[in-house]
Amino acid sequence: MLDLSSLNSRQREAVVHAGGPLVVFAGAGSGKTRVITFRVAHLIAAHGVAPWRILAVTFTNKAAAEMRERLLGLLGEEGAAIQVGTFHATCARLLRRHGEPIGLSKDFTIYDDQDQLALLKRVLRDLRLDEKRYQPKAMAARINYAKQEMQGPEDLETTDSWSEVVRRIYQAYEERLYQANALDFGDLIYRTVRALDSSPSFRDAVVGRFSHVLVDEFQDTNHAQFRLVRLLSEGHRNLCVVGDDDQSIYRWRGADRRNILDFRASFPDAKLFKLEQNYRSTQRILRAANAVIARNVDREPKELWTENEEGDAILVVRTMDERDEARLVLRGVRELLSRGQRLSDVAVFYRTHAQSRVIEEALRSANIGYRIVGGMRFYDRAEVKDLLAYLRVMTNPADDMSLLRIINTPARGIGKTTIVRLLDSAALQGRGLSDILDDHEVLAQLGNAARKRLAAFGRLLCDLRDLASSGLPLGDIGAELVRRSGYGEMLQQDDTPEADARLQNVQELVASMDELAREHPDASLSEFLENVTLQTSADEQTEGDRVTLMTVHAAKGLEFPIVMVTGLEERVFPFKGIDPWEDPDELEEERRLAYVAFTRAEQRLILSLAGVRRIFGQQRVGVPSRFLTELPGEDVEWIGTIPPSLAGASGIERRVPEPAESYVDYSESDLDDMEGLRRGMQVRHPKFGVGEVREVAQGSPPRVSVRFPGWGTRKIIASYLEPA
DNA sequence: TCCGAATTAATTTTT
DNA sequence: TTAATTCGGA
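These figures come from a predicted structure and were not determined experimentally. Every chain is numbered on its own, with residues counted from 1 as its sequence reads. Written order decides the labels, with chains lettered from A and ligands numbered from 1. At least 70 in pLDDT is required for a residue's local features to be given in this predicted model, at least 80 for side-chain atom pairs to be given and counted, and no such filter applies to totals for whole chains, interfaces and linings, which use all residues. Remark: hydrogens and water are excluded; side-chain values derive from all non-hydrogen atoms of the structure.

> Hey, could you go over the environment of E630 for me, with residue numbers and the actual values?
Counting from the N terminus, the helices are the DSSP runs of H or I reaching at least four residues and the strands are the DSSP runs of E reaching at least two. Assignment of secondary structure puts E630 in the loop between α28 (626–629) and β18 (636–639). In this scheme, a residue with accessible area under 20% of its type's maximum is buried, one over 50% is exposed, and one in between is partly exposed, where area comes from a 1.4 Å probe on protein chains only. On the basis of relative accessible area, E630 is assigned to the buried category, the value being 7%. Sequence separation between E630 and A291 is 339 residues; the distance between their C-alpha atoms is 6.6 Å. Contact between two residues is taken to exist if any of their heavy atoms lie within 4.5 Å; hydrogens are not considered. Sequence-distant contacts of E630, that is, excluding residues within four places in its chain, are made with A291, V292, R295 and R591. Polar contact is defined as a pair of N or O atoms within 3.5 Å, subject to the rule that within protein one atom must be able to donate a hydrogen and the other to accept it, and that residues adjacent in sequence are counted only when both atoms are side-chain atoms. A distance of 2.8 Å separates polar atoms of two side chains, one belonging to E630 and the other to R591.

What follows is the structure, given as structure tokens:
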């Protein structure tokens, strides 16, 4: 029997609750994954549900892997039969297995964002449309959104000629995808839902397969995903969704918090549980996070609490500029090291990637190891993508985008002109490239040399396709491909400094094929490719004792003993572009982001802001983030000047740093520096334009005398100025 | 066919 | 500021 004694009473209730719809609001660090895994285990152990009839869906491969592992731990061998996977992987599996009746071949290729963009550019070219007017990125966003909303081209509203064209683009894009025997990410969900909706044979094959469906991070589902989940639990209605509306930070990707907030509108009889006991953070950290998130209006009310110790105050440090802030991080890390913490205990968060550079530089110059989460993915490197394109063409002859990628890589004298002619013929006849490649009429239009080279390329493709179906182990196929395609040789000839690393990446790719073959001897090439496409940087493992640097988004789901959040300034965090806020929902999402950041910390939370920050080459005065003003004063310790906008805030007191404990040496800096303003500096005011600073006056708020040509000398509150 | 100048745009990115 | 992409000339 499953031992539930390690669960608290709330968790236990959610675990043992019998069938029917169930929604669990699981606050940060409240043991969400434990509840899901125990619930699955309990269904099997206590209710006798067959493992293979349980479907657990997550958003990331990492989360899926973790869940699988825990289930194996709880259930042993039996756990292996449970269907655990991401939304996309789950749909891909269903479509591969049962897609034939709806016109899908088993060997379809999955196009990632880059492939999608390339395909759209080709569509625009075929339709002779201007890329300025119909930007490929915008078109991709529109199409992805449509698919999230379960809209096909025919469902797009066309109010003017522009939207009319957009619809045509969407239509042509779909045709091209079909021709290439490919699906994009959005399709995986969209097509599955459509098939469930409209194809009785598909529905019969899929529904009834599962008797229980569980969804993790439900607050991040979009419309199509919710539809999918509903369809999959039609009949049995054993749908358990777990999530936290306060941690929903992907609205801009189509996530709809209403899915969890209004779950009971769809399932009126759903049982609701809230997990509010936190096992991660100190009381002070939790109070701070609670205080901030409580400002959001649109949320399910809840308050995290903990039995953990009170803990240290939250440190807020104001530095001069972003370089000074980076030095603060460095000092912080060093100080923690000297207190016996490990580098891997520390995480540094920022709102945007652009902020990482200075911090990296500071750490690098001090020889402190760090790793950046969410940088370039292994599978995004050009050489890896090239080889993957070969593999795709081998399994899916219709994959035009991949074919275009490799047709002249390595260089085999097939130039732009030839390719353009091929593309034009293909567009004209509405056929795919590989189709055109051995068409005599098309070839007749080309020069002699081009024809010969294309023929040679065609032979290579045949050869490689034979290789793909040779039954050789995956790793051997990879190695042979590198040899026969000439790709390996190309890299060996290359004497640029990067060539070595690229060759290494190529070997690594072959090794990963080998590894899959050893783990799953019957895995096919297309399975390998699917694995790769659905893989992300977040899945790459961590190793070594290093400081972790990442965006707040990347931090969701993680925890660290010590967390430093940088850039707590208005327009940085909360982020805001040039336009004024139009949308209060956006501010609330930024606040949720802050909540996510703060609740990652177990023991210490250190927040920093810069008096002046260089953004896009322009200096900007840093106005302290409103989120700082929302912190409970008694749990916060300020180092440095209290910014004017906070001076009146309750409970905040200035603490003059004692040298021993200060992270940044303030001895040389005075108020001028703290505000980033000096006499003689050129500053810009929204109304008066550019002027020169005459005098900087202490006080709160600090005011600055500025002489503006045409306006005279004015006293201005410092935070209204930006350096010109 | 390739390299360097010019141009452009600039959050976050689970798959 | 910078990085990425595009374009033009050799």
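Past the structure itself, the notes keep going.
> Talk me through the environment of R591; I want residue IDs and the actual numbers.
In this structure, R591 sits in helix α27 (residues 584–598). Those residues in contact with R591 that lie beyond four places of it in its chain are V292, I293, R295, N296, R626, F627 and E630.

> Describe the packing of aromatic side chains, and please don't skip the residues or the numbers.
Any two of the Phe, Tyr and Trp rings considered here, Trp counted by its six-membered ring, make a pair once their centres fall within 6.5 Å; the pair's planes then place it as stacked at under 30 degrees, edge-to-face at over 60, or tilted in between. This structure, assessed with the given rule, holds 9 aromatic pairs. Consider the rings of F226 and F263, whose centres lie 6.3 Å apart with planes at 35°: the pair is tilted. A residue pair is termed long-range when its members are at least 10 positions apart, and F226 in helix α10 (residues 223–232) and F263 in helix α12 (residues 263–266) qualify at 37 residues. Classification of F263 as buried rests on a relative accessible area of 0%. Relative to F627, the ring of F573 has its centre 5.8 Å away and its plane inclined at 85°; by these criteria the two rings are edge-to-face. Here F627 lies in helix α28 and F573 lies in the loop between β15 (560–565) and α27, a separation of 54 residues in the sequence. A relative accessible area of 0% places F627 in the buried class. Each residue in the set F218, F226, F263 and F267 is aromatic and connected to the rest through ring pairs, giving one cluster. Only when the NZ of Lys or the CZ of Arg is both within 6 Å of the ring centre and within 35 degrees of the ring normal is a charge said to sit over the ring. Note that R96 overlies the ring of F108, its terminal NZ or CZ placed 4.0 Å from the centroid. R230 extends its terminal NZ or CZ atom over the ring of F226, reaching a point 4.6 Å from the ring centre.

> Could you give me a rundown of the packing of helix α16 (residues 382–395) against helix α24 (residues 498–519), with the residues and numbers involved?
For the pair α16 and α24, interaxial distance at closest approach is 9 Å and the crossing angle is 45°. Taken together, the axes of α16 and α24 are oblique relative to one another. Both α16 and α24 take part in a crossing whose hand is right-handed. On α24, the residues touching E383, V384, L387, L388 and L391 of α16 are R502, N505, V506, L509 and M513. Classification convention: Asp, Glu, Lys, Arg as charged; Ala, Val, Leu, Ile, Met, Phe, Trp, Tyr, Cys, Pro as nonpolar; all other residues, Gly among them, as polar. Among the residues making up the contact of α16 with α24, the classes are represented as 7 nonpolar, 1 polar and 2 charged. Every angle, taken between N-to-C directions, lies between 0 and 180 degrees, and every axis is a line fitted to C-alpha atoms, over only the stretch in contact when it is a helix. Angle categories are assigned with fixed cut-offs, so that under 35 degrees is roughly parallel, over 145 is roughly antiparallel, 65 to 115 is roughly perpendicular, and the rest are oblique. For any helix crossing, the convention is left-handed if the near helix is rotated counterclockwise from the far helix by under a right angle, and right-handed if that rotation is clockwise.

> Outline unusual backbone geometry, supporting the account with residue identities and numerical values.
Cis geometry marks the peptide bond from T409 to P410, where omega comes out at -5°. Within the secondary structure, P410 sits in the loop between α17 (400–406) and α18 (416–429). Residue P574 is bonded to the preceding F573 through a cis peptide linkage, with omega at 15°. Topologically, P574 is positioned in the loop between β15 and α27.

> Residues and numbers for the pairing of strand β2 (residues 54–58), please.
Of all the 5 residues making up β2, 5 are buried; the element is thus mostly covered by neighbouring parts of the structure. Burial along β2 is two-sided: the residues I54, A56 and T58 and L55 and V57 are all buried. Judged from the 4 bridges that link them, β2 and strand β6 (residues 212–215) form a sheet pairing that is parallel. Residue pairing for β6: I54 is matched across the bridge by H212. Look down the strands so they point away from you; if going from the first strand over the helix to the second traces a clockwise path, that crossover is right-handed. One crossover worth recording links β2 to the parallel strand β3 (residues 83–86) by way of helix α3 (residues 61–75), and it is right-handed. By definition, two strands form a pair when at least two bridges between them are found by DSSP.

> Tell me what's going on with the side chain of T395, and back it up with residues and numbers.
Turning to its location among the elements, T395 is positioned in helix α16. Each residue touching T395, except ones within four places of it in the same chain, is listed here: D107, L525, S526 and L529.

> Let's hear about the nonpolar core: which residues, and what values?
Counting residues in hydrophobic clusters, the biggest one holds 49 residues, and the most contacted among them are L388, L391, F457 and F528. It is α16 that contributes the most residues to this core, 8 residues altogether. Ignoring anything within four residues of it in the chain, the contact list for F457 reads L403, I406, I407, R412, I414 and L437. What makes a nonpolar core is a set of buried Ala, Val, Leu, Ile, Met, Phe, Trp, Tyr and Cys residues whose side-chain atoms join them at distances within 4.5 Å. Formed by 41 residues, the second largest nonpolar core is a distinct cluster that contains V57, L188, V215 and A270.

> I'd like to hear about the pairing of β15, residue by residue, with values.
Residues in a regular strand point their side chains to alternate faces of the sheet. Among the 6 residues of β15, 6 are classified as buried, and the element is accordingly described as predominantly covered. Across 4 bridges, strand β12 (residues 346–350) lies against β15 in parallel orientation. Bridge assignment links V348 to a residue of β15, and that residue is M564. One ladder, built from 5 bridges, connects β15 with strand β16 (residues 601–615); its direction is parallel. Paired with M564 across the strands is I606, a residue of β16.

> Just give me the short version of the protein's contact with DNA strand C, but keep the residues and values in it.
Around DNA strand C, a shell composed of K121, R357, R614, F616 and G617 is seen. A cutoff of 4 Å decides nearness: a residue is near a molecule or strand if any of its heavy atoms lies inside that distance of it. Taking all atoms of DNA strand C within 4 Å of the protein, the share assigned to sugar and phosphate is 61%. Taking R357, its side chain carries an N or O atom lying 2.9 Å from a phosphate oxygen of DNA strand C. In the environment of DNA strand C, a sugar or linking oxygen lies 3.2 Å from a nitrogen or oxygen atom belonging to the backbone of G617. When its residues are assigned to classes, the surface near DNA strand C shows 1 nonpolar, 1 polar and 3 charged.

> Describe the sheet that holds β2, naming the residues involved and giving the relevant values.
On the basis of which strands lie adjacent, the open sheet formed by 6 strands has the order β3-β2-β6-β7-β1-β8 and parallel pairing. Both edges of this open sheet fall to β3 and β8 (271–275), since each of them pairs with a single strand only. Here the strands of the sheet are splayed against their neighbours by 15° on average, with no regard to which way each runs. Against the sheet, helix α1 (residues 9–16) engages β1 (22–26) and β8, with an angle of about 150° to β8. Strands in contact with α3 are β2 and β3; relative to β3, the strand with the most contacts, it is inclined by about 160°.

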